[in-house]
Every structure is written in C-alpha cells, then in structure tokens.
Amino acid sequence: MKRTLWKTLESTSVLAAASLAAGCDNSTPADSAETAAEAKSGLAHDMAAMDPGASMAVAAEGEGGEGGEGEGEGTSDTASLLTDDAAFLAQIGLMRGHLWVGHQLYLAGEVDMAATHMKHPQAEIYSTLLDAFAARDVPGFADELTALAETVTGDAGTEAVQASYDALVGKIEMNERNGADVSSPAVAAGVIVTLLRTAGEEYAIGIVDGQVANVHEYQDALGFTQIARQWAASPAFAKPEQAVAVAAKIQDLTDRLLDQWPSLAPEGAVPFTAERIYGAAARVELDALALQRGG
C-alpha cells in the first residue's frame, strides 16, 4: 500500500487522536464514532487540494466496498486491486475475517449467525475481486466459497464444515501466494493497517454506549482483527531485523485488543469503544511507513 509521507502521517494523526480520546473517557462510543467519521471527512477534504486521488481513496473507505452497503468494508476502487498488492490482499483478508468468525460461530453452535457470515463474502465482496483474479492470473475460490456456505447453511455437521473451511482457506492461500507479493513486510503491514482500521469502523457500529447495537458488525470486527493477527505472524516479517521487531510489536498490539470481545455473541454490556482499535491501526501504519522507506 504505497503512500506518500504526508498522506500517511495525516491519516495517522486522525487515528491517533481517536486513540488518545479513549484514555480521556469523556465521550460516549456514539460520540467517538461520529467524531472519527467527521475527522475522516475533513481529511478527505484537506487531501483533495493536494492529491485528488488520495481524497477518493479516503472517501472509498467510508463508502464501503461491499455492493455500496456503506459498512466501511473493503475498497470501491477496484482498479487498485489490480496493481496494489496490499489492497488486493486486504480485500481477501476481509473475506477471511467473515469466514473465520463464521467458522467459530458454527463450532459454538450458532448456526444461523454462522450462515450469515459465510454468505456475506460471496454476496458482497467476492465480485469486487474478479477482475483482480484475472489480471493476476489466479483462479479465485468461488466453488470452495459456495461449498462452505452450503455446508454451514445446511448444518452438515462439524466434520463436514471443518473440511470445507480448510479446503477454502487452502485455496485462498494459493491465490494469495500466486497473485501477490506475500513476502514483503511492507505489504503485510499495509494489509494489517486496512484490517484493523476496518475493524475499528465495524466495532464503532457494533458497540454503542457500551451495549451491542449490531452483533454482526461486532463479530466482523473480531474476524478482521484475528486475520490481522495471522498476518502479523506471517513469514513476510522473518527478515530483516526491522521487520522482525515490527511484527513483534503488531502481535502485542493485536493480542491486547482481544479483551474487547468478551464473547462471540454477548448479551450484556460491552464496556469498550473502537478507539483502541483505531489507535493500534495508527501505530501499525507508522511502522508500515518505516518499512516502506527502509525497503
């Protein structure tokens, strides 16, 4: 995810401000979500004067890439998926997040919730990647995606669902390896930034005033964070020493976020806000910038 220095620092300042606000405890989650949205809008306006393309990218984050739902997931700039490895892998990562949480829900006996998450990637995200699959000469994973959704929807049992899930994950990994540079620590860090930022957006929708306002978005945020954790353990960070150190920091950051999800489907109060997730994204973004400059 290639960004100029001023663009990255400008974006990071917005996210860092949200993170600092969490420590003050003077605003409600709803106020914080509104402030973050206003800050992003202002950032897009300021960036437009310097780089119209940059303002479009920020606006796309807020519009959502899943068929215009406005959930803040993915990217509506399908052209970037053709050439930007981090954007391509992050879009797949969002699908992985839905699938991860759907799998966990199924194992927990929440079949209906699991089915919703398994259907979502195919219905709303997969189509945005079709041109990218063709441009990158990889086959995609439509058949495996359909098979998992049908297995879960039909409640075929843990063994069958696990087999379908494993087959799909294997096919996704093949597309990632053959379609993008998964060995670049800068690319990996860029993917993590997008996943965590989107997790923050979803969490702000899911948890409002300390209560679950939208359990699906709350679960999405967990799935995206878990995939960010997986990327932090990627072999892409095996060298050089700077990348190893960055990976250790990211792993620690994401591990410390997990208490924001006390359960998969909470029924009581959830006394957390999205600011910690935004703050983690901001810190990773600074590290990603350092890796780009170092690479």
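A few points on the structure.

Here is what the cut-offs are and how they apply
- Residues numbered from 1 in each chain as written.
- Predicted model: local features only at pLDDT ≥ 70, side-chain atom pairs only at ≥ 80, totals over all residues.
- Heavy atoms only, no water.
- Helix = DSSP H or I, 4+ residues; strand = E, 2+ residues; numbered from the N terminus.
- Buried < 20%, exposed > 50% of the residue type's maximum accessible area, 1.4 Å probe, protein only.
- Contact = heavy atoms within 4.5 Å.
- Areas by Shrake-Rupley, 256 points an atom, 1.4 Å probe, with all protein chains shown as cover.
- Patch = residues over 30% accessible without salt bridge, like charges linked within 9 Å, V, L, I, M, F, W, Y side chains within 5 Å.
- Salt bridge = Lys/Arg side-chain N within 4 Å of Asp/Glu carboxyl O.
- Lys, Arg positive; Asp, Glu negative; His and termini not counted.
- Charge placed at Lys NZ, Arg CZ, Asp CG, Glu CD.
- Phe/Tyr/Trp six-rings, centres within 6.5 Å; stacked < 30°, edge-to-face > 60°.
- Axes fitted to C-alpha atoms, helices over the stretch in contact; angles between N-to-C directions.
- Parallel < 35°, antiparallel > 145°, perpendicular 65-115°, else oblique.
- Left-handed = near helix turned anticlockwise from the far one by under 90°.
- Nonpolar A, V, L, I, M, F, W, Y, C, P; charged D, E, K, R; others polar.

### Observations concerning the overall build of the chain
No. 1: What the chain contains, in helices and strands, is 13 helices and 2 strands.
No. 2: The 295 residues of the chain split such that 51% are buried.
No. 3: Look at the contacts in the chain between residues 6 or more apart in sequence, and 74% of them connect residues 24 or more apart.
No. 4: A total of about 12,500 Å² of accessible surface is found on the chain, and carbon and sulfur atoms cover 54% of it.

### Looking at a negative patch on the surface
No. 1: Taken together, the side chains of Glu110, Asp112, Asp155 and Glu267 define an acidic patch exposed on the protein surface.
No. 2: With respect to the element layout, Glu267 can be found in the loop between α12 (241-255) and α13 (275-294).

### Observations concerning the packing of aromatic side chains
No. 1: If you walk through the whole model with that rule in mind, you get 6 aromatic pairs.
No. 2: Between Tyr126 and Phe133 the ring centres are 5.4 Å apart and the planes differ by 50°, which places this aromatic pair in the tilted class. With respect to class, Tyr126 is no different from Phe133; both count as buried.
No. 3: Taking 5.3 Å as the distance between ring centres and 75° as the angle between the ring planes, the aromatic pair formed by Tyr126 and Phe141 counts as edge-to-face. Of the two residues, Tyr126 sits in the loop between α6 (111-125) and α7 (130-135) while Phe141 sits in the loop between α7 and α8 (142-153), which places them 15 residues apart along the sequence.
No. 4: With a relative accessible area of 8%, Tyr126 lands in the buried category.

### Looking at the packing of helix α10 (residues 185-206) against helix α11 (residues 215-232)
No. 1: Two numbers describe how α10 lies on α11: the axes approach to 8 Å, and their chain directions differ by 160°. Taken together, α10 and α11 sit at an angle that is classed as roughly antiparallel. Both α10 and α11 take part in a crossing whose hand is left-handed. Together, Ala188, Val191, Ile192, Leu195, Leu196, Thr198, Ala199, Glu202, Tyr203, Ile205 and Gly206 of α10 and Glu217, Tyr218, Asp220, Ala221, Phe224, Thr225, Ile227, Ala228, Trp231 and Ala232 of α11 make up the contact between the two elements.
No. 2: Residues that form the contact of α10 with α11 fall into these classes: 15 nonpolar, 3 polar and 3 charged.

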